[in-house]
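Descriptive structure summary
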Amino acid sequence: MERRNFFKLAGTGVAVLGLGGLMSASMSGGLSGCTVPRGITVTDLESPGPYSTGVPVYFSEEADILIVGSGIAGLSAAMDPSEAGYSVIVADKQDILGGESYCAVGLIHVTGSELQKKAGIDTSTDDAWKNREADLRVLGAAEGLGMARTLFNTTGAWADRMAKNYHARFADPQNHVGKGSPDTNLLPKGGLGEMADIMLPLKEQLVAQGVSFMLGSRAVDFILDESYQPVGVRFMDEKDGTVCDVRALKIIIATGGFSCNQKLVRASLPLQAGIACHATHAAGEGLDLCLGLGGRLRGMGIAAPLTGDVPQASVWGQFGPVVDLSPAGKRIAAEDKPGAAALACATQELGFWWTVFDKQLSENGQAKSISYVLGKSPKRMVGPCDSLDALASATGIPPEALKAGFDAYGAVVAARWDAEFGRSAFLRELSAPYYAVKQFPQRYRTFGGVVTNERAQVLAGSTPVPGVFCCGSCADGSYEGIASNGAFGMIAGKAATEELEAELAEKLADDTDEAMGEEAGDEASEASEASDAAAPHAGNGAADEASGSMGEGAGNRAPDEASGTAAAHEGNGVSADMDVASLRYT
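Our subject in this report is the structure included herewith. (Residues numbered from 1 in each chain as written. Predicted model: local features only at pLDDT ≥ 70, side-chain atom pairs only at ≥ 80, totals over all residues. Heavy atoms only, no water.)

**With respect to the overall build of the protein chain**
Note the threshold: In DSSP terms, a helix is any run of H or I states spanning at least four residues, a strand is any run of E spanning at least two, and both are numbered starting from the N terminus. Residues are treated as being in contact if the distance between any of their heavy atoms lies within 4.5 Å. Calculation of accessible area relied on Shrake-Rupley with a 1.4 Å probe; when residues are assessed, cover is drawn exclusively from the protein chains displayed.
Each helix and strand in the protein chain was counted, giving 19 helices and 20 strands. Taking all contacts inside the protein chain whose residues are at least 6 apart in sequence as the whole, residues at least 24 apart take part in 76%. Just so you have it, the protein chain exposes about 24600 Å², and 52% of that area is on carbon and sulfur atoms.

**Quick look at the packing of aromatic side chains**
Heads up, the condition is: Paired rings are identified among Phe, Tyr and Trp, the last through its six-membered ring, by centres lying within 6.5 Å, and are further divided according to the angle between planes into stacked (under 30 degrees), edge-to-face (over 60) and tilted (the rest). Summary of the burial criterion: residues with accessible area below 20% of their type's maximum are buried, those above 50% are exposed, and those between are partly exposed, where the area comes from a 1.4 Å probe applied to protein chains only.
This structure, assessed with the given rule, holds 7 aromatic pairs. Ring centres of Phe352 and Trp354 lie 6.3 Å apart, and the angle between their planes is 85 degrees; this geometry places the pair in the edge-to-face category. Trp354 sits in the buried class, given a relative accessible area of 5%. A ring pair is formed by Phe357 and Tyr435, whose centres lie 5.5 Å apart and whose planes are at 15 degrees; its orientation type is stacked. Of the two residues, Phe357 is situated in strand β14 (residues 353–357) and Tyr435 in strand β16 (residues 434–439); the sequence distance between them amounts to 78 residues.

**Observations concerning the pairing of strand β8 (residues 230–237)**
Which entries qualify depends on this criterion: In this scheme, strands are said to pair when DSSP sees at least two bridges between them.
Across the 8 residues of β8, 8 count as buried, placing the element largely inside the fold. Pairing between strand β7 (residues 217–224) and β8: 7 bridges, direction antiparallel. Following the sheet pairing, Ser217 is matched in β8 by Asp237. Connecting the antiparallel pair β7 and β8 is a turn made up of 5 residues, with Tyr228 showing a positive phi of about 65 degrees. The pairing of β8 with strand β9 (residues 243–253) spans 5 bridges and is antiparallel. Bridge pairing links Gly232 to Arg247 in β9. Counting the residues in the hairpin turn of β8 and β9 gives 5 residues, including Gly241, whose phi is positive at 75 degrees.

**Considering the nonpolar core**
Stated precisely, the cut-off is as follows: Nonpolar cores are built from buried Ala, Val, Leu, Ile, Met, Phe, Trp, Tyr and Cys residues. Side-chain atoms within 4.5 Å join them into one set.
Core analysis: the largest hydrophobic core is formed by 85 residues, its most contacted members being Ile108 and Trp158. It is helix α17 (residues 482–534) that provides the largest number of residues to this core, a total of 12 residues. Residues within four places of Trp158 in sequence aside, it is in contact with Ile72, Ser76, Met79, Ile108, Ile482, Ala483, Gly486, Ala487 and Met490.

**A short note on the environment of Leu289**
Locating Leu289 in the fold gives a position in helix α11 (residues 285–291). Each C-alpha atom, one on Leu289 and one on Arg38, is 8.7 Å from the other, the two residues being 251 residues apart in sequence.

**Details of the sheet that holds strand β15 (residues 381–385)**
By definition, the strands of a sheet pair up through backbone hydrogen bonds, in either a parallel or an antiparallel sense. Put simply, the test is: Fitted lines through C-alpha atoms serve as axes, helices being fitted only where they are in contact, and the angles separating the N-to-C directions of these axes extend from 0 to 180 degrees.
Taken together, 4 strands build an open sheet; the order of strands is β13-β14-β16-β15 and the sheet is antiparallel. The open sheet terminates on both sides in strands that have one partner only, identified here as β13 (322–325) and β15. Adjacent strand axes in the sheet meet at a mean angle of 20 degrees when their direction is disregarded. Across 3 bridges, β15 lies against β16 in antiparallel orientation. Along β16, the bridge assignment pairs Cys385 with Tyr434. Across the sheet, helix α15 (residues 388–395) touches β14, β15 and β16, and the angle it forms with β15 is around 160 degrees.

**Describing the sheet that holds strand β12 (residues 306–308)**
If you walk across this open sheet you meet the 3 strands as β10-β17-β12, and the pairing is mixed. The strands lining the two open edges of the sheet, one partner per strand, are β10 (276–277) and β12. Relative to strand β17 (residues 441–443), β12 is paired through 3 bridges, and the arrangement is antiparallel. The residue of β17 that forms the bridge with Leu306 is Arg443.

In structure tokens, the structure reads:
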């Protein structure tokens, strides 16, 4: 299989995969007690892997670092190794790259970035974390809070690096924060839904740094050496079913969560099993791969965040005044909290809800987003409606119920306090003409996943699996979406690069010691031979002559040998594709 260039990004079309082996392993806490990891070995023709029986290992591709998954976590993981000059392959099961990240709404939760500081936002990371930690504990994420905080603290550095080194285009935070949006929000320059402003510049810079891409290739198993250590990954071509084996010194798994894996959702999140899935690619393959190496899963039962099936409309409450109403006209949630209305709709089994807004939303900078929703989902939007009676007719809400719902909301606005739901932003009354978008709740991502340490190394028990890292939504601890997944990938890429550099330096030192030892042995051997040659003449009175000859020869040879030895080691810094290649074949 050839390496194919990364020409475009999108987030469309792949079938949902049901993973048979993942269920029993995840429910039993993983395979950390197994003495032999599951995978294909380089010496066996058969293996437990479902796609590898009878197919011998043949490495047709190789890289210093292999990244499985091309969403924001996988692409961010490619930054450090490519900057350091290592060969990097990013593989993806889609024919086009970007994963779920490319389709994301683009509400990026960041704290402490220079972008925000320049906009006058001085919220400290420590203060912001206190509020976020309380929310996560309510969710039940206590075990993964260590990694969660590490990622939370790193989001600002990730955003700054993306803007400065990878030319990501962010909107000026003053454009929305100054109008009431939370100060932790960053948006793509084009606004909600414009993730191309983030992903395309990142892709282009990685290509310029020599990153290669392998498309349409689903990772199906790790390849193990004779000592059962991971040395590569087997991929299956999505079109013709052929396999491709890729050898790598370091492997980073960044395949996303399990929101599309209905079997695993039923087992881990039974209360959400009946909720539709907005994502189309997150089938949990990375979880299964890491379980096979003795990894374990954590946090799988934490309720997955929900959104509407018109996701941009689901976050409008963070950018302007909207009211979320049930089919019966009753307000259902705090509109300034993304996902709150979807969760209320699902838990109350309402079926759907209406997001009602007026011209204030477009005046607050969301005109482009409204146009996008109208163009993409025209049958879901009603309006303009010149009165509440017209809005009631368009939405099917009983007129008296709609008026009662608006009266209740008006009382909240007048009091400047939302006692029922705790809404604090954009408490303003709506006026005609009214518009409304009909939405259905959907699951768009999952929490929980593979347990790692804070260097993103996959843990088997408490021990890191050699050379294997996991990041993004397929690992436990990433709760902030795009930003925390990007930060997670950046941490994984940096750790893999540092580990590779340390191993290379150690090998170079060993090679130097070995070479010096061989030279010393050669010199001793030459001296011994010369001594043996002189010995027969000692009895003939030639000892002094022989001794003088040896001394002269040694004196003439020593400078040349010393010079040669120095020249041989002059270039022994960390370099050379040859040096990395020597690691690969060791």
